[in-house]
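Below, each chain spelled out in residue letters.
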Amino acid sequence: MRVAIANPSPPLLKPSPAMRAISASGLLLFVAGAALPVVLYSHPWIAALRWIGLFAIASTGLWRQSLTRWIFFFMLLGGEIGLDHPQFAEHLRVLSDIFLRLIKVIVAPLIFGTLVSGISGHGNLRGVGRIGLKSLIYFEVVTTLALFLGVAAINLSRAGEGLAVSQTAAATPAPASTPLRWDDFLLHIFPENIAKSVAENQILQVAVFAVLFGIALARVSEAKRAPMLKFCESLTETMFSFTNLVMYFAPVGVGATMAYTVGHMGIGVLLPLGKLLLTGYCALIAFLLLILLPISRIARVPLRRFVKAVAEPATIAFATSASEAALPRAMEEMEAFGVPRRIVAFVIPAGYSFNLDGSTLYLALASIFVAQAAGMHMGWSEQLLMVFTLMLTSKGVAGVPRAVLVVLLATAATFHLPTEPIFIILGIDALMDMARTAVNVIGNCLACAVIARWEGELIETPATPMVAEASVP
């Protein structure tokens, strides 16, 4: 099981009521300064109002060093710079390009490490037997449904069409400009040279190579598998650490991208972000009601008792935006719910790599949003190819805090999508992360109950929790 990755931010100091008041006042001042030009003519004192609000937000941020907080602040700061000094904002694009390069260099080794360690560590069918096969089938079916629901939701709301990043879209050809035959695509996903695939950022080829490599590694003896598995696990943890290191530069990259975008298109760029946020929350709620709820009824899972069992782990996940923070409590609650320990011990850790329903749904939303923002009208065939790509590249990586950015950039490189909207999305990623992480935890807990029912081993009466058993001498 992969260990939890520490957030790159240092420990947070608990904000005092005065700090909260200053921060809230600063945000209100900025929002008021942004809304007043809609009803009044633009005046210097309105811009001064926004700058005072930004100063108030920044002053409280110095006492509470949260990376998410600084990303949000620099997004507002970048928007203000782009609005007040559009010519200067054009020169800031180099900072977002630097951030883009730092993220791109992570993609191939991170996906290789996560897929190989996930498959060879959890997917050895000789070791996990029937439970492993059933779990992997269930994971793929449910996450694929999540991807299709995300694609359907963003096609209904069309949240990205108001962004219109035409400059970048014009510089890169749309996938629909050249017809893609199914046999050409099928041939293209298999690498002929893995070094060439990495150099050309052909991330789907890297993912296919990693899947085959992981299966092959799972078939060799334990003695020969262990050194390579340890190497892949070490590579994965190192790239996670590398990601956290690069994320220190994320506020600057996001702010620079926002400044450049607002300088070209004005403050109206924020409206599509609000539509994307609303679309994401509605799609996640629909996933719970239209997919997970029917699954629970089909598997005859006691719904009221299940909701009570997952309430605390889901709340922890929502508050911390980290699935790993809720993992111990989720395992304890599912064993108390009546799932045998051997099923809990396999399904939940494996689900953290292969069953991230909320994250995969959001990836589908965000990918189509980026295409819409570029004015690229992708047909259903291109969107299905994108879903197939996300089925592979989202495994494992999506469970890492803020690694959605890595997967989105990998998808953008494969389908020639622009990168500016991806950095703009990062400004609201913290709000989306709370909901999708909670859905991830609920989905993994339900997977435990479904597999136990499938095996005929779901106990109807509550079991003894793990913690209680561990305390017995």
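Preceding this section is the structure that the text describes.
Presented here is an overview of the structure given in this document.

Definitions and cut-offs
- Throughout this document, residue positions are counted from 1 along each chain, in the order its sequence is written.
- Totals for whole chains, interfaces and linings use every residue, but because this is a predicted model, local features are given only for residues with pLDDT of at least 70 and side-chain atom pairs only at 80 or more, for both listing and counting.
- To get the side-chain values, take all heavy atoms of the structure and skip hydrogens and water.
- Each helix is a run of H or I in the DSSP string that is no shorter than four residues. Each strand is a run of E no shorter than two, and both are numbered from the N terminus.
- Buried, partly exposed and exposed residues are distinguished by accessible area as a fraction of the type maximum, computed with a 1.4 Å probe on protein chains only: under 20%, between the cut-offs, and over 50%, respectively.
- Contacts are assigned to residue pairs that have any heavy atoms within 4.5 Å of one another.
- For the area figures, the Shrake-Rupley method with a 1.4 Å probe applies, and any residue is considered shielded solely by the protein chains shown.
- Take the buried residues of types Ala, Val, Leu, Ile, Met, Phe, Trp, Tyr and Cys, join any two whose side-chain atoms come within 4.5 Å, and each joined set is a nonpolar core.
- Angular values range over 0 to 180 degrees, each being the angle between N-to-C directions of two axes fitted as lines to C-alpha atoms, with helices fitted over their stretch in contact.
- Put simply, angles under 35 degrees are roughly parallel, angles over 145 are roughly antiparallel, angles from 65 to 115 are roughly perpendicular, and the rest are oblique.
- A patch is a set of surface residues, each over 30% in relative accessible area and not in a salt bridge, joined within 9 Å for like charges and within 5 Å for the nonpolar side chains Val, Leu, Ile, Met, Phe, Trp and Tyr.
- Any carboxyl oxygen of Asp or Glu within 4 Å of a side-chain nitrogen of Lys or Arg constitutes a salt bridge here.
- One less than the number of residues in a helix, times 1.5 Å, gives the span that helix is expected to have.
- Here is the rule: rings of Phe, Tyr and Trp (six-membered ring for Trp) pair when centre to centre is within 6.5 Å. Planes less than 30 degrees apart are stacked, more than 60 are edge-to-face, and the remainder are tilted.
- By the criterion adopted, a ring carries a charge over it if an Arg CZ or a Lys NZ lies within 6 Å of its centre and within 35 degrees of its normal.

Right, let's talk about the overall build of the protein for a bit. Within the protein, the regular secondary structure consists of 22 helices and 0 strands. For the protein, buried positions account for 53% of its 473 residues. Contacts in the protein between residues far apart in sequence, at least 24 positions, make up 84% of those at least 6 positions apart. Surface summary for the protein: the accessible area is close to 21,000 Å², and the carbon and sulfur share equals 70%.

Before going further, it helps to spend a moment on the nonpolar core. Soluble, globular proteins show a tendency: their nonpolar side chains are buried together. With 127 residues, the main nonpolar core has Tyr-138, Phe-287, Met-334, Phe-337, Val-339 and Ile-348 as its most contacted residues. For this core, the element with the highest residue contribution is helix 21 (residues 429–454), accounting for 13 residues. In contact with Tyr-138, not counting residues within four places along its chain, are Ile-295, Asn-355, Leu-446, Ala-447, Val-450 and Ile-451.

In terms of backbone geometry, most residues other than glycine have negative phi values and most peptide bonds are trans. Phi at Arg-158 is positive, roughly 50°, even though this residue is not glycine. Mapped onto the elements of the fold, Arg-158 is located in the loop between helix 6 (125–157) and helix 7 (166–171).

So, on to the packing of helix 17 (residues 357–373) against helix 21. At a minimum axis distance of 6 Å, the contact between helix 17 and helix 21 shows a crossing angle of 135°. It follows that helix 17 is oblique to helix 21 by the angle criterion. For the pair helix 17 and helix 21, contact is made by Asp-357, Gly-358, Ser-359 and Tyr-362 and by Asp-429, Met-432, Arg-436, Val-439, Asn-440 and Gly-443, respectively.

This next bit is on a nonpolar patch on the surface. The grouping of Ile-285, Leu-289, Leu-290, Leu-293, Leu-303 and Val-307 at the surface amounts to a nonpolar patch, some 520 Å² of accessible area in total. Only helix 13 (270–298) and helix 14 (303–320) provide two or more residues apiece to the nonpolar patch. The element best represented in the nonpolar patch is helix 13, accounting for 4 residues. If you trace the backbone, Leu-290 turns up in helix 13. When its relative accessible area of 60% is taken as the criterion, Leu-290 is described as exposed.

A few words now on helix 21. Here helix 21 spans 36 Å end to end across 26 residues, near enough to the 38 Å set by a 1.5 Å rise per residue. Summarising burial for helix 21: 22 of the 26 residues are buried, a large majority. Among the residues trailing helix 21, Gly-456 stands out with phi positive, at a value near 75°.

Let us look at the pattern of salt bridges. Think of it this way: side chains of opposite charge can pair up when their charged atoms draw near. Considering all chains together, one arrives at 4 salt bridges under this definition. For the salt bridge of Glu-455 with Lys-134, the shortest nitrogen-to-oxygen distance reads 2.7 Å. Residue Glu-455 is located in the loop between helix 21 and helix 22 (466–470), and its partner Lys-134 is located in helix 6; the two are separated by 321 residues in the primary sequence. Lys-134 shares its class with Glu-455; the two are buried. With a shortest N-O distance of 2.7 Å, Glu-222 and Arg-225 are connected by a salt bridge.

Moving on, we come to the environment of Met-376. With respect to the helices, strands and loops of the structure, Met-376 is situated in the loop between helix 17 and helix 18 (380–393). In this structure, the C-alpha to C-alpha distance between Met-376 and Glu-161, residues 215 residues apart in sequence, is 9.4 Å.

Turning our eyes to something else, we now look at the environment of Ile-71. Note on placement: Ile-71 falls in helix 3 (residues 67–84). For Ile-71 and Pro-251, which are 180 residues apart along the polypeptide, the C-alpha to C-alpha distance reads 4.3 Å.

Right, let's get into helix 17. Its 17 residues place the ends of helix 17 24 Å apart at the C-alpha level, agreeing with the 24 Å of an ideal helix rising 1.5 Å per residue. Here helix 17 lies mainly inside the structure; 17 of its 17 residues are buried.

Given two aromatic rings, one states the distance between the centres and the angle between the planes to describe the pair. Tallying each qualifying case throughout the model produces 6 aromatic pairs. Taking the centre distance of 5.6 Å and the plane angle of 85° together, the rings of Phe-73 and Phe-74 count as edge-to-face. For Phe-74, a relative accessible area of 25% translates into the label partly exposed. For the ring pair Tyr-138 and Phe-139, a centre distance of 6.4 Å and an interplane angle of 65° mean the geometry is edge-to-face. For the pair shown, Tyr-138 and Phe-139 are each scored as buried. Pairwise contacts between aromatic rings join Phe-112, Phe-209 and Phe-213 into one cluster. The side chain of Arg-305 reaches across the aromatic face of Phe-337, ending 4.5 Å from its centre.

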